[in-house]
Amino acid sequence: MLFARKRGSATLLSGTALLLFLTYLYLRRSDGNAAVWTPPRPVEGWQSHGKHSSFWPGVPVHYPPSSIRPLPTGTPVRYPPVQATAFTAEKQSPEASARRRERQQAVKDTFSKCWHSYKKYVMGADELAPVTGGHRDHFGGWAATLVDSLDTLWIMDLKEEFEEAITAANEIDFTHTELGEINVFETTIRYLGGFLSAFDLSGDVRLLRKAVEVGDMLYKAFDTPNRMPITRWEIHAAARGEKQVAPNSVLLAEIGSLSMEFTRLSILTGDAKWFDAVQRITDEMAAQQDSTALPGLWPLTANAEEKIFNSGSFFTLGAMADSTYEYLPKMAALMGGLLPDYQAMYEKAIDTAAKHNFFRPLTPTNEDILVSGEVHAKDDAPYLLPGGLVALGARLFSREKDMEAAQKLVDGCIWTYKALPHGIMPETFYMAPCQQPNDHEHSCEWSDDAWKQEVLRRAGKDASDTDADAIIQADRLPKGFTSIPDRRYILRPEAIESVFVLYRVTGREDLLESAWDMFRAINRTTSTELANSAVHDVTTREKPEAADSMESFWMGETLKYFYLIFSEPELISLDEFVFNTEAHPFRRLVR
């Protein structure tokens, strides 16, 4: 099965973005000339003195850690440059520069429209309902769109709006929510990540203080007998001081993707408690990585109560797991290689994933592209889910075929967008694999018969081509697609994220045109009078019906990546920053 989103559902696009991040980092040592390096010092004045800041630190602790692991010390590894040196804004022709600025302004105009509607109608709510002007509060009611948009406001040079947003953010009360349960992972990547990134960009200590408030709240979720976090957290019981236990079933992404934000908070404050909390998770995952049914990968779910990360038969780099793998090389980059376990864990994971997750699909134009899939393991032996999800992977360290695979995966994203009537990929879909997917040299020639047989098999039928034609017509399947279980587009960022990263790494000019086509298609299809809305069905010929939903990642991720791909490459350079999984850039330790 192929998906279009990390966390909730994703393998094609998040898998693509993941491989790109893994590839572009080229995490190998490059000694170069030794340079004098001064370690960062904690920011002064970060201690929060807001009216709510003392609440969470004052809640009784039932299971304090016996010791706190300090942050690592030393001189960072000198990694090779990430961004391509062959292109700069100055080297572009005047016409190309003007075109780039015009497109960047179009993205900024779209963001501004959304921001002003959010501010006018629902300022302080999590999300604007972009058709009716109402609001939704799925993420605690703590102004998710506002916090997710802080760094975008700064990046787009909307400084007046940025100041207004900080003033509003200072009033957020992280001691109160109408929700009975909060998602610790989503709170970490959106709120903690949003405040940290906005501070890293602006240096405004008010933002760091709010990050500390969020960090203190989230730290309470680790107050369990074994110091493993509760990922779906009954926050009111915790606030009352009740004892709590980590659950026996958690999603891999939700427990394995907290490291960047917690570690960055410890670096900025000098308080190692947050770093210590997430490294306990890393230690357990590292210790059990070789003992899973697919050694090197972790199953989709873990038992946090018993600290079991190696029991299960479903493995994916996509849905509800991908950010765990994404954070392995990103943590290495964030910490300048001072935590070598992350590189070692990555190498094991990618070696295994490369054998089972990527395949070339059948397309009517015989495109040389790749897409990504899922793997089950049964009786200690791997087998592929229906769909012929087979091995074609990439190893990270300085091998050209890694980049070749990454480019083919991004080209797969672009092709899939273009294959749908509105130029937008649906949420989930299946594709037919080549007849000999393990043969990397196979021509993968298009076959109507092979495609239709896969359509029938996906539908659970063993019938005639006539039946296949009926399914294709009824389900509006473009050639190559065998099923589209979820026809929505909900303003997701993964495709432009992948295109942006590959452009910054390679300087491929055609990617700018692909990005522009994607932006125009999305804006044309989702624009409302107030903002932009998720839509129900991108397979229809007519304009899809709006769902009246605009998640915060539209302004925090999608529009940010569109803006950055048309910016000067020095703006948020990948040699200086690394993005968390909510597109919030953190400063790397570099020398």
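Rules used throughout
Residues numbered from 1 in each chain as written. Predicted model: local features only at pLDDT ≥ 70, side-chain atom pairs only at ≥ 80, totals over all residues. Heavy atoms only, no water. UniProt positions renumbered as here; feature names shortened; annotations may be inferred. Core = buried A, V, L, I, M, F, W, Y, C linked by side-chain atoms within 4.5 Å. Buried < 20%, exposed > 50% of the residue type's maximum accessible area, 1.4 Å probe, protein only. Helix = DSSP H or I, 4+ residues; strand = E, 2+ residues; numbered from the N terminus. Contact = heavy atoms within 4.5 Å. Expected span 1.5 Å × (residues − 1). Bend = angle between axes of the 7 residues up to and from the residue. Polar contact = N/O pair within 3.5 Å; in protein donor to acceptor, adjacent residues only side chain to side chain. Pairing = 2+ DSSP bridges. Salt bridge = Lys/Arg side-chain N within 4 Å of Asp/Glu carboxyl O. Axes fitted to C-alpha atoms, helices over the stretch in contact; angles between N-to-C directions. Parallel < 35°, antiparallel > 145°, perpendicular 65-115°, else oblique. Left-handed = near helix turned anticlockwise from the far one by under 90°. Nonpolar A, V, L, I, M, F, W, Y, C, P; charged D, E, K, R; others polar. Phe/Tyr/Trp six-rings, centres within 6.5 Å; stacked < 30°, edge-to-face > 60°. Lys NZ or Arg CZ within 6 Å of the ring centre and 35° of its normal.

- As recorded in an unreviewed UniProt entry, the protein goes by alpha-1,2-Mannosidase and comes from Chaetomium strumarium.
- Reading the Pathway (unreviewed entry) entry of the UniProt record for the protein gives the comment "Protein modification; protein glycosylation."

Here we look at the nonpolar core
Working step 1: L150, F195, M217 and W233 are the most contacted members of the largest nonpolar core, which has 165 residues in total.
Working step 2: It is helix α6 (residues 184-202) that contributes the most residues to this core, 10 residues altogether.
Working step 3: In this view, W233 contacts W56, G180, E181, I182, V184, M217, K220, A221, A238 and Q244; residues no more than four positions away in its chain are not counted.

What about helix α19 (residues 553-565)?
Three- or four-residue spacings in an α-helix give side chains the same orientation, since the helix completes a turn every 3.6 residues.
Working step 1: Counted at 1.5 Å a residue, the expected span for α19 with its 13 residues is 18 Å, and the 17 Å between its end C-alpha atoms agrees.
Working step 2: At L559, α19 is deflected by roughly 30°, the largest bend along its length.

Considering the UniProt feature "binding site: Ca(2+)" (unreviewed entry) in the protein
Working step 1: Per the UniProt entry, the sites bearing "binding site: Ca(2+)" (unreviewed entry) are T581 in this numbering.
Working step 2: Within the structure, the side chain of T581 is placed 3.2 Å from the side chain of E326, a separation counted as a polar contact.

Topic: the pairing of strand β14 (residues 481-486)
Working step 1: β14 sits mainly inside the fold: 5 of its 6 residues count as buried.
Working step 2: Here strand β13 (residues 428-431) pairs with β14 via 3 bridges, running antiparallel. Considered in β14, the bridge of M431 is made with F481.

Here's the deal with the pattern of salt bridges
Working step 1: Scanning the model with the defined rule gives 32 salt bridges in all.
Working step 2: Put simply, D216 and K273 hold a salt bridge, and the shortest N to O gap is 2.9 Å. Here the residue D216 occupies a position in helix α7 (residues 205-219), and K273 occupies one in helix α11 (residues 273-288), the gap between them amounting to 57 residues.
Working step 3: Among the charged side chains, a network of salt bridges with common partners joins E163, D204 and R206.

Points about the packing of α7 against α11
Working step 1: Running from N to C, α7 and α11 point in directions that differ by 45°, and their axes come no closer than 11 Å. Classified by the interaxial angle, the pair formed by α7 and α11 is oblique. Taken as a pair, α7 and α11 cross one another with a handedness that is left-handed. Along its contact with α7, which presents V212, G215, D216 and Y219, the element α11 presents K273, W274 and A277.
Working step 2: In terms of residue class, the contact of α7 with α11 is made up of 4 nonpolar, 1 polar and 2 charged.

Describing the side chain of K210
Working step 1: Structurally, the position occupied by K210 is in helix α7.
Working step 2: A distance of 2.9 Å separates a polar atom in the side chain of K210 from the backbone oxygen of I172.
Working step 3: With near-sequence residues (within four places) excluded, K210 lies in contact with A169, N170, I172, F174 and F195.

Some remarks on the environment of T145
Working step 1: Mapped onto the elements of the fold, T145 is located in helix α4 (residues 144-155).
Working step 2: Overall, the relative accessible area of 0% leaves T145 in the buried class.
Working step 3: Excluding residues within four positions of it along the chain, T145 makes contact with Y118, A125, D126, E127, S552 and M555.

A short note on the UniProt feature "active site" (unreviewed entry) in the protein
Working step 1: Here the UniProt-annotated "active site" (unreviewed entry) positions come out as E186, D322, E427 and E494.
Working step 2: Tracing the backbone through its elements, the reader meets E186 in helix α6.
Working step 3: Overall, E186 belongs to the buried group, its relative accessible area being 12%.

Overview of the packing of aromatic side chains
Working step 1: What the rule picks out here adds up to 19 aromatic pairs.
Working step 2: With a centroid separation of 5.2 Å and an interplanar angle of 55°, the aromatic rings of W142 and F174 are classed as tilted. Residue W142 is located in the loop between β3 (135-136) and α4, and its partner F174 is located in the loop between α5 (159-169) and β4 (182-183); the two are separated by 32 residues in the primary sequence.
Working step 3: For W142, a relative accessible area of 2% corresponds to the buried category.
Working step 4: Taking the relative accessible area as the measure of exposure, F174 reaches 1% and is therefore buried.
Working step 5: With a centroid separation of 5.5 Å and 45° between ring planes, the pair formed by W446 and W451 is classed as tilted. Judged on exposure class, the residue W446 and its partner W451 are both buried.
Working step 6: Here the aromatic cluster, defined as three or more aromatic residues joined through ring pairs, consists of W142, F174, Y191 and F195.
Working step 7: The ring of F139 is capped by R190, whose NZ or CZ atom sits 3.8 Å from the centre of that ring.
Working step 8: The residue whose ring lies beneath R227 is Y219, and the NZ or CZ to ring-centre distance is 5.3 Å.

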